[in-house]
Every structure is written in C-alpha cells, then in structure tokens.
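# Structural overview
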Amino acid sequence: MTMTSPAGTTAAAPATDAHALTGKRRIAFASYVDENYLPGFLALLRSLALSNPGVCEDFVVLHDDLRPGSIAKIRALHPRIVLRRVNADHYDSYKKGDQDNYLVRKAYFILDVFRLREYDTVITLDTDMVVLGDLGELLKLREGLAAVPQFFYGQHKLNSGLLVIQREYLSDEFCARLDRCGRSGDYELDKHDQGILNAVLDGDFVRLDPRYNFVKRRLSGDLPVPDDTAILHFTGRHKPWQGGEAGYAQAEERWRSYDMSDAEFHAAYLSASGGLHHDLIVHYGTPHVARTGNVEAARKVAAAHISTGDYQDAVDILSSVRIPLDEAWPHEVLGHALMSVSRYDEAKTQLLLATAAPNRAATAYARLAQMAWVHGDNTEALRYATAGMSVDPTHRSSRLWAQRAAAVPSQEQGSAEDQLAHVAFYMDRQGNAGDKLLPESVRSAFGPDTTSRRWHSVHAHRLFDEAALQRVNRRRGLVIGGGGLFIPDTMPNGNSAWQWNVPDELLRKIDVPIAVFAVGFNAFDGQSYRANRFRESLRLLVEQSSFFGLRNHGSIEKVRAMLPAHLHDKVRFQPCPTTVTRQLVPDWQDPARRDDTILINAAYDRAGLRFGHDYGYFLDQMAQVVRDLGELAEVRCVAHSLDDEKIVFDLRRQHGISMPVIPMYDFENDEIRDLYARTKLVIGMRGHAGMIPFGCGTPIISLISHPKMAYFLRDIERPEWGVSVHDRHLAARLVERSKDLLADHDRTVADVHGRQQELWKVTEANAADLRVILGG
C-alpha cells in the first residue's frame, strides 16, 4: 500500500516529474546550424519571434562547428536554446560521393533530430527560412509526421525544411529504420528531397498546406509573396545573405526585413501587438531597458516578471529607470511588485501616484485596499475599495476588497486556553467552493465542534504581526492547514514566499505546539519557486513544527527535496480531510438513492499552464464526452468558481452543446457535500472536485492538468481514475472509464469506500499523536 503509518515510515512515493504526471506536451523547434548558414538562422529566430510573439518553446540547435561567438549571438535571440552536437562520424557510411557538403550535413540533422527523446512534438525549420505568419496550426498537431508535399516532383514525397514530428517517430524503432536505409544506400540525396526520410516514409505523411513551406522557386519572375504565406523557404544555392538571386527581389526583401541589429529587433518585439510571451519580453526587454532606460519597456518587463512570480526582478527593473510622476501605469506595476515582496510603505507611495490617472486608478485603489486589509486595517481598506468603485463601479477587485473589509468577524465564544488557533485561507463568498469547505474540514479532523468556541481564526493572507502572535500564544496550539498553501503566487509576500504571510522572527516566537495539517505543494507543471526565501521559511516551519503532515506523497517528496536530510522524517503523510468526509461529519448518512447525473468540472486559473497549446483539442474532446455520456445520465457542469463556467460558454459557442450549470461557488458547505454525495459520478479538473466527492463516497475521474491530481490517485492506488487533458484519446478514455464505473455502481462505490478507509487509518493514527501534542 502507498498509505502507511504516519510516524517515521517511508511510503513508496510516486514519481514527481510534473510532465510525466500531467502528460502535458513538450514542444520544440529544431534546426541544423553551421557557420555558413548562421546569418540565415539568426534571421529565422527574429522572424519566429516577431510573427509569433506569444510562442516560446525550446529551440534545439544541432551543430558540429559553431564558434563561441556564434553561440552567443544565437542565445541573445532566444531564451530557450538547447545546443546539441551532431554525430557526423556515425553517418560516414551514408555519404554519397560528390554530393554538396551542406546537403550531407543536413542529412545528418534530419537523422539526428529523430534521436531527440525529451519532446513530444518537434518542428524542424531550415536556416534558409523566415516565418511570416501564425504557426498555431502546427503547434496544435498531435499525430503523425507532417510536411508539405514537394512542389515540383509529385505528392508522394515531402519537401525539405519543415517537418512536424510526433512522439511515435522520435523513437528507437524509427531511428533503426532510418539507419538501415542510410547504410544500404537505397535512397536519393538531391537538392529537392530528404533522401533517406522519403525512402523510409514512401509517401506516408500528413500533408500540410504549401503556405507552411512556400518555396522561393514559386516566385520566379519577381512575383510577390502571397499574403497567407506562413513560412518562406529560400531553396537553391543563392541565399539572401550571400547576395541573393535575380528574379526574386520581392521575396528577398521579406528576408531582409528580419536582417536587423539586436537593438532594432528588441524594439520591434516590444512594440509588437497581441499577446507577447513573458519569457521573450524578459529576454529582449532587459537589455533594451539597460540600453535605453525606456519606462514603458521596463513596465512590460516588470509585468512579465510578476506573471511568473519573479517579484523582486520586477522591482529591480522598474527601479532601474526614472518614472515620471505622471506615468501612472509604471507606478502601479512597481507598487504591485513592491507589495508582493512586502515592501509595503514604498508600494503605498507608488500606488497613490497611480491613482492620479483615471485608467489606472481603480486597480491602484484595489491594491491599496488589499494592503490595508493585509495589515488588519478594515476601515482603511474599505475607504480605498470604495474609492476604486467610485472610479469604476464594475471593478471586480475593488468590490471584493470592499466585501472583505466590511465583513463582520465572527464573535469568539470560547476561552482562549481551550481554543486552537487556525491558520488557513478563508474563502470569500462566491469564492472557490473547495477552498470554502477546507477550513471546516480541517477543524472536523480535531473534533466535531468547528465553531469559534473551539477555534481562533488566523487568515493566512493577513500579515502575522506581534498582536497576532500574542493572540496565538494564548491558545493551546496552532494548526496550519486548509489547502495548497505552498504556492508562490496566490497572495504573494516577501516574508515567507508562500501563502502564510509570516516573518521568520515571529514564527520563531510562537511558543505553543504547531501542527501543519494536510497542506499541499501546489506548483503547476511549468511553475517553480525561484526564491531562496521560500526554502528558508519552509525549513524554519518544519523545525518549529511538532507535527508536519502533507496531503499526498508527491508533496512529501517535493518538500523533502528542499530540506536537509535530518528533517526528512518530520514530514509525514496526512490525507486531506475532505477525502474522509464520511468519517468526520457527525451522523453522516450515505444517500438512499442518487440523482441520475454526471457532474463535470473544468478549471481555468493559469490556463496556459494547464492546457499549453491543447485547449482547442480539449474542448473538442469534451464535446464528444458530453454527447456520449448524455446517453447514460444527465450531464451538468459543476462550477467551483465563476471562471469554471467557461467550458459551458465555449461548448455552446463552438459545438452547439448546452449543459446546465450548478453554481457551487454560491453553496454552503453542507450543500456542497450533499450535492456530491447524491450524484453518480464526478469528472473534475480541480483537486477538490475529486477529493470532496471521493470523501462523500462518490466515484470520480480526474481530468489531470496539475500534478496534485495524479498524486492523490496514486496514493489511493487508483491511477486509472485519471486521464490527462492532453491524452490523445481523451474522449474515448473518459467515456470508457465512465461506463466501467457506472456499469456496476454499487461495486464502484464500495471500492471508493475501501480506498477511503485506508486514508482514514492514517488520519486516525495521526490523530492519536496530535492529541498528545496539542493536549486533547
């Protein structure tokens, strides 16, 4: 069993590689580059960034003779360059007499690119290409080997330069076929084809539109480049950087538009319209700001840093330039960055400057309200939030902070010495339903009374100051728990770099027992904790804690990797209490009958990290799922937050499918449990759209877009109850597994109960230890 006794024993932990757990596609571009073709490759990199400003995938550079200076030029144009040397000696037996040296080298590249094992999709680009249009269609391809058919010699051969290669071709088996063909010499290597590859494929490839590999020869006679051309390929011996060729002036002018200095390129990218990729903004914007001192560029770079949780870098870039008093937006972004590293007084100054501009005032006032609330000043918070709404009555953030500031705190009824203090994220009305339920669920693991008679609430996002410390130290213990508190960007602060805003010096002064209970490590695939501040705060927390329980073994392994070895055994398994709801709710009764419904939940926070380039595919697959499952039961959308309703709007708009919405964000805790207990099956993407129904005894299937979903399913030894949102056969697998679980529903429910019982054993064992630690 993966569920073990809690104390010092070590479970067989699941793999914690995020990609392996989520199945998110890893995509890379690839080119073979030598010194002669370096000018072409640099133009290619510039064209890719300027024509697809929101795309930033790894770019694999295969080479055998690049000089350090050349490599530096390449790295300056792309933040995710991966250098690989080709193994030219391996292909000596393939060489064909007096063939052009570049063609032989390119043959090496074509063969070497199939030996890349780190990626699910590889897009090859020749160095004599420039990208003129959107490559989104290529990034969404998921099956086969795709290329443009040859223009001159018939449709059974592919044209050189562009290939879109999927995982099944990036394999030892396919490489062996290429090797056998290469050594046999049974292929043609001429200036128009891929030789070995064409011989092996024999026409078996996915045909792409010619606009993705539009060869120069089609423009003979100085014809203009068609407007819909996505990739222009300068085939032939005469390259634009070598002087070009007569009869192609208009085509070569398009190439020359990308032959620019780094300074010109950086300025062009930063002024581009549309969604710019945050990594590219940082890569190009940082030297541009250093060179020019441009305030608007600094704002864009700072905003990009904020979007990835690099708050100190955002402070640094904006602090390096002089911001005029009347430039409101940079002041607002700097204020945001400063408050995120807990430099609150400086942040307040910047945000007050930003309130002078009507188009930034509402956001600035909302941030001022947030800071006042963080410091416990509800009166000041309400004043700022009201000012924000007076500027923009529809401003959602200002309205949220007004509601928080105006809320009447619950009256504490018990004596301090009988209470436990409880650090948690206490969700607002219409907030995430799972997070709303969590604090009560944590408390129920310590006894049936979850009210203020036994509990003193400490909101994790409020600054833990001396007054808060005194209140906690008057209680008999401190419980920290209620969700994935180990995440860097939900409510950033510079004191701990996780959700509890606690300075180290005050954490050290807590003199009552500390129990960290069922907390999760919630970083997404592609998200990381970059600052040492988090590691230092985490280590201190573990050292100070009498009990340190994480809610899945994946989180345990992630946290142990950040700690010194002597602290590893303090980190133990404590399942999320929502997973054992049936054991914790007093007088729980399983439903006598269930509604004939299947509930679907999709999540849209950090959508880029969840879906990558696959959201359109996911939506298409879910349309089929809703149609097919509709034959078994009524399919409804259960929305944990307002944003979760997006799947309903998108399915109706793009597929004509209507699905009722259950606004769970408006539910009370008993209503949440009751609904999940009465349905037949829940297909959920949020962690607690799986854990809560499971705890209520309801079968689940997880739509995996976050590692924590897989962590939980491995802990209960049911990984087959999860399907990646990137799965190539998502609809078929979801429908098949749904039918399996529904076919003998009583047996499936009994299995859920059995899995839950194992989690309950761990929770009971931990409870015995906690009674000793906390004194009752």
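Here the structure is a predicted model, which is why all the values come from computation and not from measurement.

Definitions and limits used
Per chain, residue numbering runs from 1 following the sequence as it is written. Only residues with pLDDT of at least 70 are given local features in this predicted model, and only at 80 or more are side-chain atom pairs given and counted; all residues enter the totals for whole chains, interfaces and linings. Here the side-chain values reflect all heavy atoms present in the structure, with hydrogen atoms and water set aside. Each residue is assigned to one of three classes by its accessible area relative to the maximum for its type, calculated with a 1.4 Å probe on protein chains only: buried under 20%, partly exposed between the two thresholds, exposed over 50%. Under the DSSP-based scheme used, a helix requires at least four consecutive residues in state H or I and a strand at least two consecutive residues in state E, with every element numbered from the N terminus. Paired strands, as defined in this entry, are two strands with at least two bridges between them according to DSSP. Pairing of aromatic rings covers Phe, Tyr and Trp, the last counted by its six-membered ring, and requires centre-to-centre distances within 6.5 Å; plane angles under 30 degrees mean stacked, over 60 mean edge-to-face, and any other angle means tilted. Between the N-to-C directions of two axes lies an angle of 0 to 180 degrees, each axis being a line fitted to C-alpha atoms and, for a helix, fitted only over the stretch in contact. Convention used here: angles under 35 degrees read as roughly parallel, angles over 145 as roughly antiparallel, angles from 65 to 115 as roughly perpendicular, and any remaining angle as oblique. Here a crossing is taken to be left-handed if its near helix is turned anticlockwise relative to the far helix by less than a right angle, and right-handed if that turn runs clockwise. What makes two residues a contact is simply this: any of their non-hydrogen atoms within 4.5 Å. Gly is put with the polar residues, along with every residue not named as nonpolar or charged; the nonpolar set is Ala, Val, Leu, Ile, Met, Phe, Trp, Tyr, Cys and Pro, and the charged set is Asp, Glu, Lys and Arg. We define a salt bridge as a contact between a side-chain nitrogen of Lys or Arg and a carboxyl oxygen of Asp or Glu at a distance within 4 Å. Joining through side-chain atoms within 4.5 Å is the link that ties buried Ala, Val, Leu, Ile, Met, Phe, Trp, Tyr and Cys residues into a set, and such a set is a nonpolar core. Criterion for a disulfide: a pair of cysteine sulfur atoms at a distance within 2.5 Å.

Now for the pairing of strand β7 (residues 163–166). A two-sided burial pattern is seen for β7, the buried positions comprising Leu-163 and Ile-165 on one face and Val-164 and Gln-166 on the other. For strand β4 (residues 121–124) and β7, the ladder comprises four bridges, and the chain directions are antiparallel. Its bridge partner lying in β7, Thr-121 is registered against Gln-166. Across two bridges, strand β6 (residues 145–147) lies against β7 in antiparallel orientation. Opposite Ala-146, over in β7, you have Val-164 as the bridge partner.

Let us now look at the packing of aromatic side chains. Here the distance between the centres and the angle between the planes together describe a pair of aromatic rings. Overall, the coordinates contain 24 aromatic pairs when judged by the stated rule. Residues Tyr-169 and Phe-174 carry aromatic rings whose centres are separated by 5.0 Å and whose planes lie at 80 degrees to one another, so their mutual orientation is edge-to-face. Pairing Trp-498 with Trp-500 gives two aromatic rings, centres 6.2 Å apart and planes at 75 degrees, and the pair type is edge-to-face. Of the two residues, Trp-498 and Trp-500, both sit in the buried class. Members of the aromatic cluster, connected to one another through ring pairs, are Phe-464, Phe-486, Trp-498, Trp-500, Phe-534 and Phe-548.

Right, let's get into helix α22 (residues 553–560). In an α-helix there are 3.6 residues to a turn, and that puts residues three or four apart on one side. The element α22 is extensively covered by neighbouring structure, given that six of its eight residues are classed as buried. Among all positions of α22, only His-553, Gly-554, Ser-555, Ile-556, Val-559 and Arg-560 are buried.

The next thing to look at is the packing of helix α11 (residues 295–307) against helix α13 (residues 328–340). The relative placement of two packed helices is expressed as an angle between their axes plus a distance between the axes. In the contact formed by α11 and α13, the axes pass within 10 Å of each other and the chain directions differ by 30 degrees. Relative to α13, the element α11 is oriented roughly parallel. The two elements α11 and α13 meet at a crossing, and its hand is left-handed. Side by side, α11 and α13 meet where Val-295, Arg-299, Ala-302, Ala-303 and Ile-306 of the first sit next to Trp-329, Pro-330, Val-333, His-336 and Ala-337 of the second. Its residues assigned to classes, the contact of α11 with α13 shows eight nonpolar, one polar and one charged.

Further remarks concern the environment of Tyr-248. By secondary structure assignment, the location of Tyr-248 is in the loop between β10 (231–233) and α8 (249–256). The spacing of Tyr-248 and Pro-439 is 191 residues in sequence and 69 Å in space, taken between C-alpha atoms. If we ignore the near neighbours within four places in the chain, the residues touching Tyr-248 are Lys-216, Arg-217, Leu-219, Ser-220 and Asp-222.

With that settled, the discussion passes to the pattern of salt bridges. Within the structure shown, the criterion is met by 46 salt bridges. In this structure, Arg-142 engages Asp-614 in a salt bridge whose closest nitrogen and oxygen atoms are separated by 2.8 Å. In this pair, Arg-142 is assigned in the loop between α5 (136–140) and β6 and Asp-614 in the loop between α24 (607–611) and α25 (615–629), connecting sequence segments 472 residues apart. In this structure, Glu-245 and Arg-217 form a salt bridge, with 3.1 Å as the shortest nitrogen-oxygen distance. Linking Glu-245 in the loop between β10 and α8 with Arg-217 in the loop between β9 (214–215) and β10, this pair joins segments that are 28 residues apart in sequence.

This next bit is on the nonpolar core. Ranked by size, the top nonpolar core spans 120 residues in total, and within it Phe-486, Trp-500 and Phe-618 carry the most contacts. No other element matches the nine residues that α25 contributes to this core. Non-local contacts of Trp-500, meaning those with residues more than four positions away in its chain, are made with Val-423, Val-458, Ala-460, Phe-464, Leu-478, Ile-480, Asn-493, Leu-507 and Ile-510. Ranked by size, the runner-up nonpolar core spans 88 residues in total, among them Leu-77, Val-321, Met-339 and Tyr-344.

Our focus in this paragraph is the environment of Gln-470. On the secondary structure map, Gln-470 appears in helix α19 (residues 466–473). Here the alpha-carbon distance between Gln-470 and Arg-167, two residues 303 residues apart in the chain, equals 58 Å.

Take the sheet that holds strand β22 (residues 700–704) next. Strand order in the open sheet formed by six strands is β20-β19-β18-β21-β22-β23, and the pairing between neighbours is parallel. The sheet is open, and its two edges are formed by β20 (661–663) and β23 (722–724), each paired on a single side. Strand after strand, the sheet turns through a mean of 25 degrees between neighbouring axes, direction not considered. Bridging between strand β18 (residues 597–601) and strand β21 (residues 681–684) involves four bridges; their strand directions are parallel. When the bridges of β21 are listed, Ile-598 appears paired with Leu-681.

What follows deals with the sheet that holds β9. One open sheet accounts for three strands, arranged β5-β10-β9; its pairing is mixed. The open sheet has two edge strands, β5 (129–131) and β9, and neither has a second partner. Where β9 meets β10, two bridges bridge the pair, whose relative direction is parallel. By the bridge assignment for β10, Val-215 is matched with His-233.

Turning our attention to unusual backbone geometry. Of note in this structure, Ala-497 is not a glycine but carries a positive phi near 70 degrees. Owing to a relative accessible area of 16%, Ala-497 belongs among the buried residues under this scheme. Phi at Asp-587 is positive, roughly 60 degrees, even though this residue is not glycine. One can find Asp-587 in the loop between α23 (581–584) and β18.

On the secondary structure map, Ile-683 appears in strand β21. A sequence separation of 84 residues divides Ile-683 from Leu-599, and the C-alpha atoms of the two residues are 6.1 Å apart. Those residues in contact with Ile-683 that lie beyond four places of it in its chain are Ile-598, Leu-599, Ile-600, Asn-601, Leu-629, Ile-701, Leu-703, Leu-734 and Ser-738.

A separate point is the state of the cysteines. As enumerated under the stated definition, the model contains zero disulfides in all. Distance from the sulfur of Cys-637, which forms no disulfide, to the nearest cysteine sulfur (Cys-696) is 18 Å.

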